[in-house]
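Each chain, written out:
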Amino acid sequence: MKKTILFLGMALLTNAVFAGFPIGKGKYLVVPSYNLYTAKGYWDKDGNYTNFANNGRFASHYFGLYGGLGIGEKLDFVGNISYLIQRKQEPNLIEQNASLGDATLGLSYLLNSFDYYRFLTVTGSLIIPLYQNNPAKTPYTGFQQVGGEIKLGFSGTNRERLSNTYFDVNAGLRQYFSPDGPTQLFADALFGVPLDEDNKFTFSMSGNKSTSTQSAFNPNNLFLNRAFSYFRLTVGYGRKVSQHYQIFVSMFTDVSGRNTGKGGGGSISLVGEL
């Protein structure tokens, strides 16, 4: 069951957030993924929705590679690299930017295993931009700032009520090291239901609140904005394809937000434990 929880937690791929289950000493975890996000409009600072001008559409294609190595029974090394294609499209006009994204490198430590059914972990990561924003190339890839993140995770399986269902809850702080920040508070919660030994269903919710002294909002360059918030819902399905690999697909939608795009999309990922 511990391995099942680990695999299922990996299905939560919003902003490259991963569950903090222990990998195990000497074991590897590899998760290639693809995420598509599209938006036809945005929420302003008051939460009012507006369509993009000229029937415009924003799309983000995210290709990620997450990996983990079990250094010890309680300590794991974790990291993620990504490649993004950002596109803003209007009739007779296409703006596109493609580049490597942010890389994250960190350590995850198991604080308590609670009889091996529930896990409390803390993860600290360094955020390193692998790109440079060019004013002539929009939409931007990201903030282009080094940052740090600390995250507390609580996950496990239910042994009595709702037997064999599982959960994963995370909350943390992300700080970018520049005068404008931003400072971000984020949280997510996942609930999973095994349908049988090979098939699983998940439901999750996530949110992010980003604050900065730079509060200007540009709907045509969404990844430039530093002061925003959103709340998102996701449903997912996972299937075991072999002893060491599982595949996951998910769909998500933005429910509410401020100074951010209103959109949705989906993701697919392959989770392998070696």
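The structure we're discussing is the one just above.
This report concerns the structure included in the present document. All values derive from a computational prediction rather than experimental measurement.

1. Focus: the overall build of the protein chain
Part 1 of the argument: Across its full length, the protein chain carries two helices and 14 strands.
Part 2 of the argument: Taking the principal axes of its C-alpha atoms as reference, the protein chain extends roughly 55 × 35 × 30 Å.
Part 3 of the argument: When burial is assessed residue by residue, the protein chain has 48% of its 274 residues classed as buried.
Part 4 of the argument: Taking the contacts inside the protein chain whose residues are at least 6 apart along the sequence as the reference set, 58% of them involve residues at least 24 apart.
Part 5 of the argument: Only carbon and sulfur atoms are counted for the fraction: they give 58% of the accessible area of the protein chain, which is about 13,300 Å².
Part 6 of the argument: Side chains of the protein chain give 24 positive and 18 negative charges; the mean places of these two sets differ by 1 Å.

2. Focus on the side chain of R232
Part 1 of the argument: Position of R232 among the secondary structure elements: in strand β12 (residues 228-240).
Part 2 of the argument: At a separation of 2.7 Å, a polar atom in the side chain of R232 contacts the side chain of D254.

3. Re unusual backbone geometry
Part 1 of the argument: Cis peptide bonds are those with omega within 30 degrees of zero, and the linkage from T138 to P139 qualifies with 0 degrees.
Part 2 of the argument: Looking at the secondary structure, you find P139 in the loop between β7 (118-129) and β8 (147-157).
Part 3 of the argument: In the segment running from G181 into P182, the intervening peptide bond is cis, with an omega of 5 degrees.
Part 4 of the argument: Tracing the sequence through the fold places P182 in the loop between β9 (166-176) and β10 (183-194).
Part 5 of the argument: With a phi angle near 70 degrees, N92 is a residue other than glycine that sits in the positive phi range.
Part 6 of the argument: Given a relative accessible area of 85%, N92 falls into the exposed group.

4. Structural notes on the pairing of strand β11 (residues 199-211)
Part 1 of the argument: For β10 and β11, the ladder comprises 12 bridges, and the chain directions are antiparallel. Looking at β11, one finds that A189 is bridged to M205.
Part 2 of the argument: Across 12 bridges, the pairing between β11 and β12 is antiparallel. Bridge pairing in β12 places M205 opposite L233.

5. So, the environment of Y140
Part 1 of the argument: Locating Y140 in the fold gives a position in the loop between β7 and β8.
Part 2 of the argument: Sequence separation between Y140 and R87 is 53 residues; the distance between their C-alpha atoms is 9.5 Å.
Part 3 of the argument: Among residues more than four places away in sequence, those in contact with Y140 are Q86, N97, N133, N134, P135, N221, F223 and L224.

6. So, the pattern of salt bridges
Part 1 of the argument: Tallying each qualifying case throughout the model produces three salt bridges.
Part 2 of the argument: We note a salt bridge from E90 to K88, for which the minimum N-O separation is 3.4 Å. There is no split in this pair, since E90 and K88 are both buried.
Part 3 of the argument: Residues R232 and D254 are paired through a salt bridge, measuring 2.7 Å at the closest nitrogen-oxygen approach. Taken as a pair, R232 in strand β12 and D254 in strand β13 (residues 245-258) lie far apart in primary sequence, 22 residues in all.

7. Remarks on the side chain of N158
Part 1 of the argument: Secondary-structure assignment places N158 in the loop between β8 and β9.
Part 2 of the argument: The class for N158 is buried, based on a relative accessible area of 14%.
Part 3 of the argument: At 2.8 Å, the side chain of N158 and the side chain of T165 are in polar contact.

8. Comments concerning the packing of aromatic side chains
Part 1 of the argument: Counted by the stated rule, this structure contains 10 aromatic pairs.
Part 2 of the argument: Look at F143 and Y176: their rings are 5.0 Å apart centre to centre, the planes differ by 70 degrees, and that puts the pair in the edge-to-face class. Note that F143 is positioned in the loop between β7 and β8 and Y176 in strand β9, a separation of 33 residues in sequence. Each member of the pair, F143 as well as Y176, is classed as buried.
Part 3 of the argument: The ring of F186 carries the charged tip of R174 above its face, separated from the ring centre by 4.4 Å.
Part 4 of the argument: Directly above the aromatic system of Y230 lies the positively charged group of R232, at a separation of 4.9 Å from the ring centroid.

9. Looking at the environment of Q132
Part 1 of the argument: Within the fold, Q132 resides in the loop between β7 and β8.
Part 2 of the argument: Residue classification places Q132 among the exposed residues on the basis of a relative accessible area of 71%.
Part 3 of the argument: Considered as a pair, Q132 and G148 are 16 residues apart in the sequence and their alpha carbons are 19 Å apart.

10. Topic: the pairing of strand β3 (residues 57-70)
Part 1 of the argument: Sheet analysis places strand β1 (residues 28-43) next to β3, joined by 12 bridges and oriented antiparallel. Looking at the pairing, L29 lines up with G68 of β3.
Part 2 of the argument: Summarising the sheet, β3 and strand β4 (residues 75-90) pair through 14 bridges and their orientation is antiparallel. Following the sheet pairing, G64 is matched in β4 by S82.
Part 3 of the argument: Between β3 and the antiparallel strand that follows it, β4, lie four residues.

Cut-offs applied
- Residues numbered from 1 in each chain as written.
- Predicted model: local features only at pLDDT ≥ 70, side-chain atom pairs only at ≥ 80, totals over all residues.
- Heavy atoms only, no water.
- Helix = DSSP H or I, 4+ residues; strand = E, 2+ residues; numbered from the N terminus.
- Buried < 20%, exposed > 50% of the residue type's maximum accessible area, 1.4 Å probe, protein only.
- Contact = heavy atoms within 4.5 Å.
- Areas by Shrake-Rupley, 256 points an atom, 1.4 Å probe, with all protein chains shown as cover.
- Lys, Arg positive; Asp, Glu negative; His and termini not counted.
- Charge placed at Lys NZ, Arg CZ, Asp CG, Glu CD.
- Polar contact = N/O pair within 3.5 Å; in protein donor to acceptor, adjacent residues only side chain to side chain.
- Pairing = 2+ DSSP bridges.
- Salt bridge = Lys/Arg side-chain N within 4 Å of Asp/Glu carboxyl O.
- Phe/Tyr/Trp six-rings, centres within 6.5 Å; stacked < 30°, edge-to-face > 60°.
- Lys NZ or Arg CZ within 6 Å of the ring centre and 35° of its normal.

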